[in-house]
Amino acid sequence: MPDRSCPKLLRALLPLLAATGCDGCPSSKPYTPYTLGSAAPSGSPPPLSAIAPGAPDAGPDADADAPDAAAPRFAAVPSVPAPEGGKRWPLDGGAVAAAPTGRTFETGLLLDLDGDGARDLVAWARAPDGLRGELLLAPAARPQAPRTLAALPGDLAAQGCTPRVGLSQIGPATLALDFAPQCPDQQRAAGAGATRWIAVIRLPGPAAGAGAAPELALELRLRTPPPDEALSASLEVADRDADGRDDLVVSVGLAGALRPFPAPAGAAAAGLGAPLVFLDRPAGLSRDAAQPGEALRALAAALLRDARGKATAPAVAASAQRLRRLHAALCADAAGGGGAVAGRDATRAGEALVWTGAGPVRCGEPGLAAAIDHAEAVAASTRGAPLAAVAALDRGGAEARGKDEGKLLAKLAPPATATAVYRTAAAPQPTRPGAFGPLAFEASGALLVRTAQGVVRVDPAASTEAATDIPPWPAAVHAGPAELVAVERRCDAPTLLALFRSSPEAVGEMEVPLPLLRGQGPRARPGAAAPERCAGTERLPFSPLAASEGGFDIALGAALVSIDLRAAAPTASALSFPLATPAPRGAARSPDGATLAVPAAGGLLVATAGGAARLWSGGDLAQATACAPANGGARVACVVGAAAVIFEAK
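Rules of the game
- Residues numbered from 1 in each chain as written.
- Predicted model: local features only at pLDDT ≥ 70, side-chain atom pairs only at ≥ 80, totals over all residues.
- Heavy atoms only, no water.
- Axes fitted to C-alpha atoms, helices over the stretch in contact; angles between N-to-C directions.
- Helix = DSSP H or I, 4+ residues; strand = E, 2+ residues; numbered from the N terminus.
- Parallel < 35°, antiparallel > 145°, perpendicular 65-115°, else oblique.
- Left-handed = near helix turned anticlockwise from the far one by under 90°.
- Contact = heavy atoms within 4.5 Å.
- Nonpolar A, V, L, I, M, F, W, Y, C, P; charged D, E, K, R; others polar.
- Salt bridge = Lys/Arg side-chain N within 4 Å of Asp/Glu carboxyl O.
- Buried < 20%, exposed > 50% of the residue type's maximum accessible area, 1.4 Å probe, protein only.
- Disulfide = S-S within 2.5 Å.
- Pairing = 2+ DSSP bridges.
- Phe/Tyr/Trp six-rings, centres within 6.5 Å; stacked < 30°, edge-to-face > 60°.
- Core = buried A, V, L, I, M, F, W, Y, C linked by side-chain atoms within 4.5 Å.

## Concerning the packing of helix H6 (residues 368-382) against helix H8 (residues 403-412)
At step 1: Contact pair H6 / H8: the axes reach a minimum separation of 11 Å and the direction vectors enclose 30 degrees. Relative to H8, the element H6 lies roughly parallel. The interaxial crossing formed by H6 with H8 has left-handed handedness. Facing Ala370, His374, Ala377, Val378 and Ser381 of H6, the residues of H8 in contact are Asp404, Glu405, Leu408 and Leu412.
At step 2: Partitioned by chemical class, the residues of the contact of H6 with H8 number five nonpolar, two polar and two charged.

## Section: the packing of helix H3 (residues 293-307) against H6
At step 1: The N-to-C vectors of H3 and H6 enclose an angle of 15 degrees; their axes lie 8 Å apart at closest approach. Between H3 and H6, the angle is such that the two are roughly parallel. Where H3 crosses over H6, the handedness of that crossing is left-handed. For the pair H3 and H6, contact is made by Leu296, Arg297, Ala300, Leu303, Leu304 and Ala307 and by Leu368, Ala371, Ile372, His374, Ala375, Val378, Ala379 and Thr382, respectively.
At step 2: By residue class, the composition of the contact of H3 with H6 is eleven nonpolar, two polar and one charged.

## Looking at the pattern of salt bridges
At step 1: Following the criterion strictly, the structure yields 31 salt bridges and no others.
At step 2: Here Arg324 and Asp373 are joined by a salt bridge, their closest N and O atoms 2.8 Å apart. Taken together, the positions of Arg324 in helix H4 (residues 316-330) and Asp373 in helix H6 put the pair 49 residues apart, joining distant regions of the chain.
At step 3: The class for Arg324 is buried, based on a relative accessible area of 12%.
At step 4: With its nearest N and O atoms 3.3 Å apart, the salt bridge here joins Asp394 to Arg401.
At step 5: Judged by its relative accessible area of 23%, Asp394 falls in the partly exposed class.
At step 6: In this structure Arg401 comes out as buried when scored by relative accessible area, which is 19%.
At step 7: A network of salt bridges, in which partner residues are shared, links Glu488, Arg490, Asp492, Arg501, Glu509, Glu511 and Arg539.

## Remarks on the state of the cysteines
At step 1: With the rule as written, the count across this model stands at two disulfides.
At step 2: Across the disulfide, Cys331 is cross-linked to Cys363 (sulfur-sulfur distance 1.9 Å). Here the disulfide of Cys331 and Cys363 is left-handed, its torsion about the S-S bond being about -85 degrees. Residue Cys331 is found in the loop between H4 and helix H5 (343-349), and its partner Cys363 is found in the loop between strand E19 (359-360) and H6; the two are separated by 32 residues along the sequence.

## Section: the environment of Ala371
At step 1: Tracing the backbone shows Ala371 in helix H6.
At step 2: On the basis of relative accessible area, Ala371 is assigned to the partly exposed category, the value being 31%.
At step 3: In this structure the C-alpha to C-alpha distance between Ala371 and Glu405, which are 34 residues apart in sequence, comes to 9.4 Å.

## Here we look at the sheet that holds strand E9 (residues 147-151)
At step 1: The five strands are arranged E3-E6-E7-E8-E9 in an open sheet whose pairing can be described as antiparallel. Each edge of the sheet is formed by a strand with only one pairing partner; in this case those strands are strand E3 (80-81) and E9.
At step 2: In the sheet, strand E6 (residues 104-111) pairs with strand E7 (residues 120-126) via seven bridges, with the strands oriented antiparallel. Counted as the bridge partner of Phe105 is Ala125 from E7.

## Focus: the packing of aromatic side chains
At step 1: Within the structure shown, the criterion is met by two aromatic pairs.
At step 2: Measuring from ring centre to ring centre gives 6.0 Å for Trp89 and Phe105, while their planes differ by 75 degrees; the resulting arrangement is edge-to-face. Here Phe105 lies in strand E6 and Trp89 lies in strand E4 (residues 88-90), a separation of 16 residues in the sequence. Summarising the burial analysis for this pair, Trp89 and Phe105 share the class buried.
At step 3: Between Trp124 and Phe179, the aromatic rings sit 6.0 Å apart at their centres with planes inclined by 50 degrees, giving tilted as the arrangement. With Trp124 in strand E7 and Phe179 in strand E11 (residues 174-182), the pair connects residues that are 55 residues apart, well separated along the chain. Across this residue pair, the class does not change: Trp124 and Phe179 are buried.

## Considerations on the pairing of E6
At step 1: Pairing geometry for E3 and E6, over two bridges, is antiparallel. Across the sheet, Val80 pairs through a bridge with Gly108, a residue of E6.

## Focus on the sheet that holds strand E12 (residues 195-202)
At step 1: Spatial strand order, E2-E10-E11-E12-E13-E18-E19: seven strands in an open sheet with antiparallel pairing. The strands lining the two open edges of the sheet, one partner per strand, are strand E2 (77-78) and E19.
At step 2: Relative to strand E18 (residues 354-356), strand E13 (residues 215-223) is paired through three bridges, and the arrangement is antiparallel. Bridging across to E18, Leu220 finds its partner in Thr356.

## Remarks on the nonpolar core
At step 1: If you look at the biggest cluster of nonpolar residues, it comprises 95 residues, and the most contacted ones within it are Leu556, Ile563 and Leu605.
At step 2: Excluding anything up to four places from it in sequence, Ile563 contacts Leu484, Ala498, Val512, Leu514, Gly550, Gly551, Phe552, Ile554, Thr571 and Ala572.
At step 3: If you look at the next biggest cluster of nonpolar residues, it comprises 20 residues, including Val122, Ala150, Leu156 and Ala199.

From the geometry alone we can't say anything about function, so treat these as descriptive.
This is the structure we're talking about:
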């Protein structure tokens, strides 16, 4: 989003929480919390910062430049490296804590936990490979009897990765341990990235009584996102409900962009963020169910405001994709979030990246995906791109379309009733989905039908059909020697994928990520609602629009995509209508290329450059395939059963 949107977004979120989703705004926070990034850092973790219990949050109009504006009352205490090679740690009064057998102290804190005037040791003790270890408490009075406060889960040991560990006291009664494996780029690209583990330790308060010990209050897991995305988390301590206890806010941010989405620039490069809030109760930390839902809804509302402005609407589509990614990363119940995906597949897909010790986070925001789609559709309409607007409205299916979305769709593509005006005796040659179809209009208005015996010209005005010497056009979609084979939705990929063969003799298929997230695009069975959980591999219907030496143009519903094969690494990008490429016979376009007819929004979307789009339905269109429009879009021919049918609409 443009820089000027940051203050507006900040004012929307600060009344809800202390963390914002607009990290690029200057002076947006009165202090710097400890940030856990997914990119490989250099050196040791930065010191933690925190707010003491009772410290007020900064209001939306707080003057960040004022000396006392929301000043932190607790200076976070970072751990220090272990002395004496990590085998022994001297304590107050001459006592010494020895590292357990097979372990070495790496970093620790000295603080008086039991009020006896002598500082106790809380230290990270690791195995020689650094991928196993425990957070230990060695009381000054009994250093020979250390107690394990938290042990690194065994399933997080990532072979080939180098761990980075940070330990800090972030509040009067709160410690945080951050175990962050740093893995080679090739390991991350292969989908085998490690998981960051954060353990929050609650210290006993004065009312806990003698003998009370620290306890593990919360575990967080941050999975490695796909390449080109970065996941971060900042920990903030504050007494949010004024009960004298340290509550915890974990602000999760997602920056960057998946390939092939363009990398964000300006203020948007800082990414988007939303908080998880944990309230300290006598029985332990309890997650506030209102978050991150409230923050995500506020971000969607800000997106809709930007969608209505001509200056801000062009940036909404990219911001909408980033908000969808943040929603999916935070919430296992996000639309298309793939809550059933686990292990390596979840890491590759970048879904459900944030887990607590109790499992993945469920946000309970079923309407958020539709709200984001609506904002993107409004933005496309504002900038005069009706096809892009229809594509956005069609993503959730008719079931997710509310009254406002229905009105906008009817405005962008008014409904029209199709009537069959001619049915051919010639039988179109059967073709597989995604191939160039057997029908093509000529500029004169005559229809060419590719049959098994050759090409037949149909003159509907004279009701005649005659064989021609026109060579049959190929069904396969070729760009030079390369052939487009399919478009797939896979559980282990965050975007849709186009599959092609580099040559007829090539063994295997190559894949190109498309600028559509996995939950977007048509369903394999048109009209079917998106399933709650990803299941296997799904091949999607698409309409070829053009093919040349440089690549392919296709339509997935109303979403238009260009695939460029000219570079060493093929790329894909969103395509604007009208298209500049010539229209080959059998494509879902008119002879002059200015009209297209594609299945979308439960009907047949017929759009002409410089004219209005209309959504055709009725008659035999529900069973129609391989449609092709005439110049001007007054007529459309489709394959229905064993015949070609010419339709007109009223």
